[in-house]
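# Survey of secondary and tertiary structure
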Amino acid sequence: HNILISAKMDSAAIWMGEQTAVKLEIVQEKGAEVQLALHGDTLTKGVEIISVTPGDTTDIKNERIQINREIIITSFDSGFYFIPPIKCTLGKDTFATTETLSLKVVPIDVDTTKMEIKDIKGVQSPRFVLWDFVPGYVWIILLSLLLIGGGIYIYFRYRKRKNSVGISPESLIPPYDRAMQALLRLKEERLWQAGQEKLYYTRLTDILREYIDNRFTINAMEMTSTQILNALKADKDAKIVEQHMKQILEVADFVKFAKVRPLADDNEATMRYALNFIEETKPQPEETKETESKEEVKNNR
């Protein structure tokens with residue numbers, strides 16, 4: 001098992017009692033039960049663990065994933081601390097460790113000479129509160145009536161919604177027109193020209209995934225790039241332009257997961273391929289009614 005782990009401090013210096021995060025990046029094979037070797041509620045003496053986030057997982061292809069986690073820590077003793085390497089284990093074996101980190105905890109100066117010492121307050125009578133004199137069974141009756149009323153309201157609201165079919169105005173636009181409008185809006189926003197290549201490719205692939213879902217009834221929103229391409233190959237209407245999608249998805253995966261910055265020509269070519277893909281898979285007149293029927297069934301669901 002090839003496991004890689006790296007760590008960095010969100011802030012290397014904090015005030016005493018302030019919180020900061022140790023950010024972890026773990027790259028591992030899919031399905032591997034990799035655990036963090038954390039012992040107790042401290043990373044080292046004087047540095048306490050507040051919480052550990054469950055992790056944000058990203059698929060990076062080749063049956064490997066990247067998991068981002070955070071360890072929230074604090075310290076109530078000033079000083080300079082060395083945080084020992086954090087280990088990754090698989091079963092009883094240690095596969096990877098992080099580098100040693102450091103944390104400086106700065107004390108908070110409190111000038112007690114300027115603090116005003118106040119006398120202890122005398123005994124005071126509690127204020128009158130009507131609710132304190134209401135018997136407990138009255139609250140039970142009121143709560144029961146509230147629950148019954150809420151149940152009746154939910155029941156009739158559910159029946160009313162079940163008997164009516166809500167269709168948004170956007171869902172009435174054919175998939176071809178909706179996708180073309182979205183691509184042209186994306187082109188006008190000039191995201192990659194402003195250095196936002198990752199957002200540009202994320203938006204572009206989401207538009208194409210939604211179009212494929214509505215046009216070919218392929219659940220592209222939940223598929224990987226490879227699964228989408230295999231599904232398109234099996235469709236006679238999309239097979240002839242499946243190569244366009246392959247080039248788009250390959251560049252998009254490099255940008256989103258490998259942090260590659262494509263050339264301007266690549267960005268323009270990707271938009272051109274996307275427009276060509278939608279144009280060449282546009283439903284023919286005899287397909288229009290069938291596509292609309294599928295859209296209506298999907299909206300009713």
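Below is a short write-up of the structure. (Residues numbered from 1 in each chain as written. Predicted model: local features only at pLDDT ≥ 70, side-chain atom pairs only at ≥ 80, totals over all residues. Heavy atoms only, no water.)

### Some thoughts on the nonpolar core
Basically, it comes down to this: Among buried residues, the Ala, Val, Leu, Ile, Met, Phe, Trp, Tyr and Cys ones that are joined through side-chain atoms within 4.5 Å form a nonpolar core. Partly exposed residues are those whose accessible area sits between 20% and 50% of the maximum for their type, while under 20% is buried and over 50% is exposed, using a 1.4 Å probe and protein chains only. A helix here means a DSSP run of H or I that spans at least four residues, while a strand means a run of E at least two residues long, and both kinds are numbered starting from the N terminus. What makes two residues a contact is simply this: any of their non-hydrogen atoms within 4.5 Å.
Counting 33 residues, the largest nonpolar core has L204, I212, L232, M245, F277 and I278 as its most contacted members. For this core, the secondary structure elements donating two or more residues are α2 (175–189), α3 (197–216), α4 (225–233), α5 (242–257) and α6 (264–280). The element best represented in this core is α3, accounting for eight residues. Residues within four places of M245 in sequence aside, it is in contact with L208, I212, L229, L232 and F277. A7, A32, I86 and C88 belong to the second largest nonpolar core, which has 27 residues in total.

### Here's the deal with the packing of aromatic side chains
Test applied: Centres within 6.5 Å make a pair out of two Phe, Tyr or Trp rings, where for Trp the six-membered ring is used; the pair is then stacked when the planes are under 30 degrees apart, edge-to-face when over 60, and tilted otherwise.
The tally for this structure, following the rule as stated, stands at five aromatic pairs. A centroid spacing of 6.2 Å and a plane angle of 80 degrees characterise the contact between Y211 and F277, whose relative ring orientation is edge-to-face. Within this pair, whereas Y211 is found in helix α3, its partner F277 is found in helix α6, the two being separated by 66 residues in sequence. When its relative accessible area of 1% is taken as the criterion, Y211 is described as buried. The exposure class assigned to F277 is buried, which follows from its relative accessible area of 0%. An aromatic cluster is built from Y211, F216 and F277, whose rings are joined through pairwise contacts.

### Considerations on the pairing of strand β4 (residues 34–37)
Rules: Between any two strands, at least two bridges found by DSSP are needed for them to pair.
Only one face of β4 is covered, namely the one carrying V34 and L36; the face carrying Q35 and A37 has none of its residues buried. Pairing between β4 and strand β10 (residues 87–90): four bridges, direction antiparallel. Counted as the bridge partner of V34 is L90 from β10.

### What to know about the pattern of salt bridges
Oppositely charged side chains are able to pair whenever their charged atoms sit close together. Counted only if it meets this: Salt bridges are defined as contacts in which a side-chain nitrogen from Lys or Arg sits within 4 Å of a carboxyl oxygen from Asp or Glu.
If you walk through the whole model with that rule in mind, you get five salt bridges. The salt bridge partner of K23 is D10, with a shortest N-O separation of 3.7 Å. Taken together, the residues span a long stretch of sequence, with K23 in strand β3 (residues 19–29) and D10 in the loop between β1 (4–9) and β2 (13–15) at a distance of 13 residues. A salt bridge links E189 to R203; its shortest N-O distance comes to 2.9 Å. Residue E189 is found in helix α2, and its partner R203 is found in helix α3; the two are separated by 14 residues along the sequence. Residue R203 is classed as partly exposed on the basis of its relative accessible area, which comes to 31%.

### A few points about the sheet that holds strand β12 (residues 101–106)
Heads up, the rule is: Only the stretch in contact is used when fitting a helix axis, every axis being a line fitted to C-alpha atoms; angles between N-to-C directions are given from 0 to 180 degrees.
Spatial strand order, β2-β12-β9: three strands in an open sheet with mixed pairing. Strand pairing shows two members of the sheet lacking a second neighbour, β2 and β9 (79–83), which therefore form its edges. When the angles between neighbouring strand axes are averaged without regard to direction, this sheet yields 25 degrees. Where β9 lies against β12, five bridges are found, and the strand directions are antiparallel. Note on β12: the bridge partner recorded for F82 is S102.

### Quick look at the layout of surface pockets
Operational definition: The pocket and cavity definitions rest on a 1 Å grid over protein atoms only: a 1.4 Å probe that fits but cannot leave marks a cavity, an open set with protein on both sides within 12 Å along at least five of seven lines marks a pocket, and residues lining either have an atom within 4 Å of a point. Grid points are joined across faces, edges and corners, and a volume is the space filled by probe spheres set on the points. Residues were grouped as follows: Ala, Val, Leu, Ile, Met, Phe, Trp, Tyr, Cys and Pro as nonpolar; Asp, Glu, Lys and Arg as charged; and all remaining residues, including Gly, as polar.
Empty space within the largest pocket amounts to approximately 580 Å³. In terms of lining, the largest pocket is formed by 23 residues, of which the most central are K61, T224, S225, T226 and D253. At the level of secondary structure, the elements contributing two or more residues to the lining of the largest pocket comprise α3, α4 and α5. With seven residues, the single largest contributor to the lining of the largest pocket is α5. Looking at the lining of the largest pocket residue by residue, the class counts come to four nonpolar, six polar and 13 charged.

### A short note on the packing of α2 against α6
The geometry of a pair of packed helices is captured by two quantities: the angle between their axes and the separation between those axes. So the rule is basically this: Each angle gets one of four labels, with under 35 degrees taken as roughly parallel, over 145 as roughly antiparallel, 65 to 115 as roughly perpendicular, and the rest as oblique. Left-handed describes a crossing in which the near helix is turned anticlockwise from the far one by less than a right angle; the clockwise case is right-handed.
Two elements in contact, α2 and α6, have axes whose closest approach is 10 Å; the angle formed by their N-to-C orientations is 165 degrees. Between α2 and α6, the angle falls in the class roughly antiparallel. Handedness of the crossing formed by α2 with α6: left-handed. The residues of α6 that touch α2, namely those facing Y176, A179, M180, L183, L186 and K187, are M271, A274, L275, I278 and E279.

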